[in-house]
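A look at the structure
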Amino acid sequence: MSHRFLLELGLEEIPAWMIDDASRQLGQEIEKGLKELEVDFQGPPRLYNSPRRLAVAVEGLPERQPDRREVVTGPPKAVAFDDQGNPTQAAEGFAKKMGVDASQLTVEETDKGQYVSCVRTIEGRPLLELLGQVSEQAIRALQWPKNMYWRESRFRFIRPIRWMVALLAHREVDLEVEGVRGGRVTWGHRFLGMQRLVLQNADDYPQRLVKGYVLADPEQRRERIQAGLRQAVPQGLSPLPDEGLMEDVVYLNEYPTVIRGAFDEKYLEIPREVLVTVMRFHQKYFAVVDEEGRLRNYFLTVLNTASDEGGRIRKGHEKVLRARLEDAAFFWDGDRSTPLEERVQALDEVVFQEKLGSYGDKARRLQSLCARLAESWPQLDARALGTAARLCKADLVTDMVKELTELEGIMGGLYAREEGYDEKVHRAIYEHYRPASLEEDIPSSLHGAALSLADKLDTLVGCFGIGMVPKGSRDPFGLRRLAQGIVKILLELGDRVPGSLTLGQLVDWSLQEHQPEEPPDEVRSKLMEFLNQRVRHLFEQQGLAYDVINAVLTAPAQRVAERRRMAEALAAMRSEEDFEALATAFKRIRNILAKAERGLPQVEENLLQEDAEKDLYKHFREAVPQVDQLLQDNDFEAALRRMAALRRPVDRFFDEVMVMTEDERLQLNRLALLDELSKLFLQAADISEIVHKD
């Protein structure tokens, strides 16, 4: 007979953004504990949650833990038996300890020699006795971004635990955590269903909670919200899609209900970005649009209640939103009375970072860095980009951004457009904070992308220069996000970025605008490693194998997009016979060169004596210009195939030529030939990193 196990933690309200991760952690920890007990169960654990609870249900559990066979090693054979093969006192003692006769002992061959052993059966325990310990370990293993703690025990958790449910089918599991005991009583909605809900069986959980006005399944809440949004809008209109807001409201409510409110049409004169931000970030409202995507004077809000009879709640929300929009209209009108150019001077009074100066200092560094970008990037308008760099932080001293910090950059772009600046300028300002995540699009304009690169690089280089390097979960300036944004921009722009604008070149230019506390070379090295980790992370998310990523990250001075295409070419060729053989030979070349420990001269053709080394040198000389041209044309697969064509002369060289000969001149010349061959391959990738797959 199989059983269902249910564990529920009842808590004070958990921040919405923490619930999903904590729920998955709890399921993983329960699954881990059961596997350690070697207990089988059906499928992955089922996860339930709400602002006041985390729960996990596991199906198909047996009544008992399975019996286990264990091999126990005893004394060495030489100690356990005498010359006639009779058991000694050591063998008799070991057998007695194992509860068997000495004749039942066997001899096993181990790494240390021959030892006597005994196979014993360990009887499985009833699962009801084990689930309490599994549950407690799972609860204590949860990791939260922030914690409270119990004064006496210093136990750290996100919120106080108010109740626990722990049932195996109809039976209660013995569980206690920090003075709270598990049982069969859960609680309904705080306002709609405060009554105690007694569970007779673990199977009753989701249905019983519905009677207490709690939808414990987050997908059920999501479906209810989506249906409510569709039903609440007037005909011909629709909710503005917003996945981030949807995630928020799913985890903010236990029994969600959607209502529609309205606001005065005069507020539609405020920029769309401001209206949506006020509704989305400050009030958790969904905006409403018509079939052409134009904003309409409605909003949709999700209530943690069953209904709004009489519309009192709606009227309250409309009143709050009206006050918010009145402020936004006031800021919009007031901010435009002072041009952005006049606000630039005020940036000198706004601290960017204590050791890195003010936002005025940052804006001047951006102007200098953007000037360098424009010199190397023919498609950029140097004057427009310089203007955007000078003005891009000016909106930080506007009333709108002081109130709605989510609109940094966006308001600057809108104000610049209102003031009549060229589209290249106002779009660059508007987009220069993008992308804020891997999911967000990069700037749609080339000038926006260039300004975004400069802004992110300036922050990264500045912080690394003063030792503010992310450690563990600590990343107060969001440097990982900024680095990921740089990589994403360079990757998606592809060949629109000049070949000279590699990550290394961009870092070097930005370093020249700073005075780092550490030696610049050390700062550069740390930052390049950090950026390459972001490249690695992005490539891994795109499904590239780790050894392919290792191979392309060693290539010198390549653009991110080129590395991506090289990785694709490597992945396509890695299983071909010639390429696998060449990768193995190249690994041998790298190992030989690593032991050379000295500078190598140029290859002297007159010192090539053996036919095999002459043949390799001939094929190498022929390949160099061809590989160079193919790489220049970005035909990476063809370049790799041309390199792979060297497989046979390389194999012959190693079969017939003694590299480390006693004649030092010949030895150095052969090492120099291998070094030149290595440099040819490293222009594309370090193929010695490719792991042979049998």
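Described below are features of the structure shown in this document. None of the values given here were measured: they were computed from a predicted structure.

1. Digging into the pairing of strand E9 (residues 161-168)
Burial within E9 is extensive, with 7 of its 8 residues counted as buried. Pairing geometry for strand E1 (residues 3-11) and E9, over 7 bridges, is antiparallel. Paired with Leu-9 across the bridge in E9 is Met-164. Here 2 bridges tie E9 to strand E12 (residues 180-183), and the two strands are oriented parallel to one another. Each residue of the ladder has a partner; that of Val-165, found in E12, is Gly-183.

2. Quick look at empty space enclosed by the protein
Under the criterion given, the structure shown has 3 cavities of 30 Å³ or more. Here the largest cavity defines a volume of roughly 50 Å³. Residue lining of the largest cavity: Val-278, Arg-324, Asp-327, Ala-328, Phe-331, Glu-403 and Leu-404, and that is the complete set. The element contributing the most residues to the lining of the largest cavity is helix H9 (residues 312-335), with 4 residues. The class makeup of the residues in the lining of the largest cavity is 4 nonpolar, no polar and 3 charged. There is about 40 Å³ of room inside the second largest cavity. Residue lining of the second largest cavity: Leu-240, Asp-242, Leu-245, Val-276, Met-279, Arg-280, Tyr-285, Phe-286 and Ala-287, and that is the complete set.

3. Let's talk about the sheet that holds strand E16 (residues 257-262)
Reading across the sheet, the 4 strands line up as E15-E17-E18-E16 and stay open at both edges, with antiparallel pairing between neighbours. In this open sheet, the two edge strands, each paired with only one partner strand, are strand E15 (238-239) and E16. Where E16 meets strand E18 (residues 295-303), 6 bridges bridge the pair, whose relative direction is antiparallel. Within the sheet, the bridge partner assigned to Arg-260 lies in E18 and is Leu-300. Sheet strands in contact with helix H6 (residues 218-232) are E15, E16, strand E17 (285-289) and E18, and its direction is about 30° off that of E16.

4. Description of the packing of helix H22 (residues 577-594) against helix H24 (residues 636-644)
Axis angle and axis distance: for two packed helices, these are the angle between their axes and the distance between the axes, and together they describe the pair. Between H22 and H24, whose axes approach to 9 Å, the crossing angle comes to 70°. Our classification of the angle between H22 and H24 gives roughly perpendicular. Handedness of the H22/H24 crossing: left-handed. Each of Asp-578, Phe-579 and Leu-582 in H22 lies in contact with H24, whose residues at this interface are Leu-640, Met-643 and Ala-644.

5. As for helix H14 (residues 410-418)
For H14, the full list of buried residues reads Met-411, Gly-412, Gly-413, Leu-414, Tyr-415 and Ala-416. In this structure, the buried side of H14 is in contact with helix H8 (272-283), H9, helix H10 (340-343), helix H13 (399-403) and helix H15 (423-431). The first or second residue beyond H14 is Gly-420, which carries a positive phi of 90°.

6. Some remarks on the layout of surface pockets
Which parts of space are left empty comes out when a probe the size of a water molecule is rolled across the atoms. In this structure, the largest pocket occupies an estimated 1100 Å³ of space. Taken together, 36 residues line the largest pocket, and the ones lying closest to its centre are Glu-406, Ile-410, Tyr-433, Ala-436 and Glu-440. Counting residues per element, the ones that place at least two in the lining of the largest pocket are H8, helix H11 (359-376), H15, helix H16 (446-465) and helix H17 (479-493). If you go around the second largest pocket, the residues you meet are Trp-17, Gly-244, Glu-247, Asp-248, Arg-280, Phe-281 and Lys-284. Broken down by element, the residue count for the lining of the second largest pocket peaks at 3 residues, all from helix H7 (residues 243-252). Split into classes, the residues belonging to the lining of the second largest pocket amount to 2 nonpolar, 1 polar and 4 charged.

7. Things to note about the nonpolar core
Val-274, Leu-373, Trp-377, Met-400, Met-411, Leu-460 and Leu-570 are the most contacted members of the largest nonpolar core, which has 143 residues in total. The element best represented in this core is H16, accounting for 11 residues. If we ignore the near neighbours within four places in the chain, the residues touching Leu-373 are Leu-380, Ala-450, Ala-454, Leu-501, Leu-506 and Trp-509.

8. Concerning the pattern of salt bridges
Here the structure, examined in full by the defined rule, presents 62 salt bridges. Between Lys-618 and Glu-622 there is a salt bridge, and its shortest N-O distance comes to 3.1 Å. Of this pair, Lys-618 and Glu-622 both sit in helix H23 (residues 611-632), 4 residues apart, which is roughly one turn of the helix. With a shortest N-O distance of 4.0 Å, Lys-679 and Glu-676 are connected by a salt bridge. Of this pair, Lys-679 and Glu-676 are both found in helix H26 (residues 664-682), 3 residues apart, which corresponds to roughly one turn of the helix. Here Lys-679 falls in the partly exposed class, since its relative accessible area comes to 47%. What you see here is one network of salt bridges that share partners, running through Lys-362, Arg-365, Lys-393, Asp-455 and Asp-458.

9. Things to note about the packing of aromatic side chains
Scanning the model with the defined rule gives 14 aromatic pairs in all. With 5.5 Å between their ring centres and 20° between their planes, Phe-155 and Phe-157 make a pair best called stacked. Using a relative accessible area of 9% as the deciding quantity, one classes Phe-155 as buried. One aromatic cluster in this structure is built from Trp-144, Trp-150, Phe-155 and Phe-157. Over the ring of Phe-530 we find Arg-534; its NZ or CZ atom is 6.0 Å from the centre of that ring. Of note, Arg-564 hangs over the ring of Phe-539, and the distance from its end group to the ring centre comes to 6.0 Å.

10. Re the pairing of E12
Where strand E11 (residues 176-177) and E12 come together, 2 bridges link them in antiparallel fashion. In the sheet register, Glu-176 faces E12, and the bridge partner there is Arg-181. Taken together, E11 and the strand that follows it, E12, pair antiparallel across an intervening segment of 2 residues, in which Glu-178 is found at a positive phi of about 50°.

Conventions and cut-offs
Residues numbered from 1 in each chain as written. Predicted model: local features only at pLDDT ≥ 70, side-chain atom pairs only at ≥ 80, totals over all residues. Heavy atoms only, no water. Buried < 20%, exposed > 50% of the residue type's maximum accessible area, 1.4 Å probe, protein only. Helix = DSSP H or I, 4+ residues; strand = E, 2+ residues; numbered from the N terminus. Pairing = 2+ DSSP bridges. 1 Å grid on protein atoms, 1.4 Å probe; cavity = no way out; pocket = protein on both sides within 12 Å on 5 of 7 lines; lining within 4 Å. Points joined across faces, edges and corners; volume = space filled by probe spheres on them. Nonpolar A, V, L, I, M, F, W, Y, C, P; charged D, E, K, R; others polar. Contact = heavy atoms within 4.5 Å. Axes fitted to C-alpha atoms, helices over the stretch in contact; angles between N-to-C directions. Parallel < 35°, antiparallel > 145°, perpendicular 65-115°, else oblique. Left-handed = near helix turned anticlockwise from the far one by under 90°. Core = buried A, V, L, I, M, F, W, Y, C linked by side-chain atoms within 4.5 Å. Salt bridge = Lys/Arg side-chain N within 4 Å of Asp/Glu carboxyl O. Phe/Tyr/Trp six-rings, centres within 6.5 Å; stacked < 30°, edge-to-face > 60°. Lys NZ or Arg CZ within 6 Å of the ring centre and 35° of its normal.

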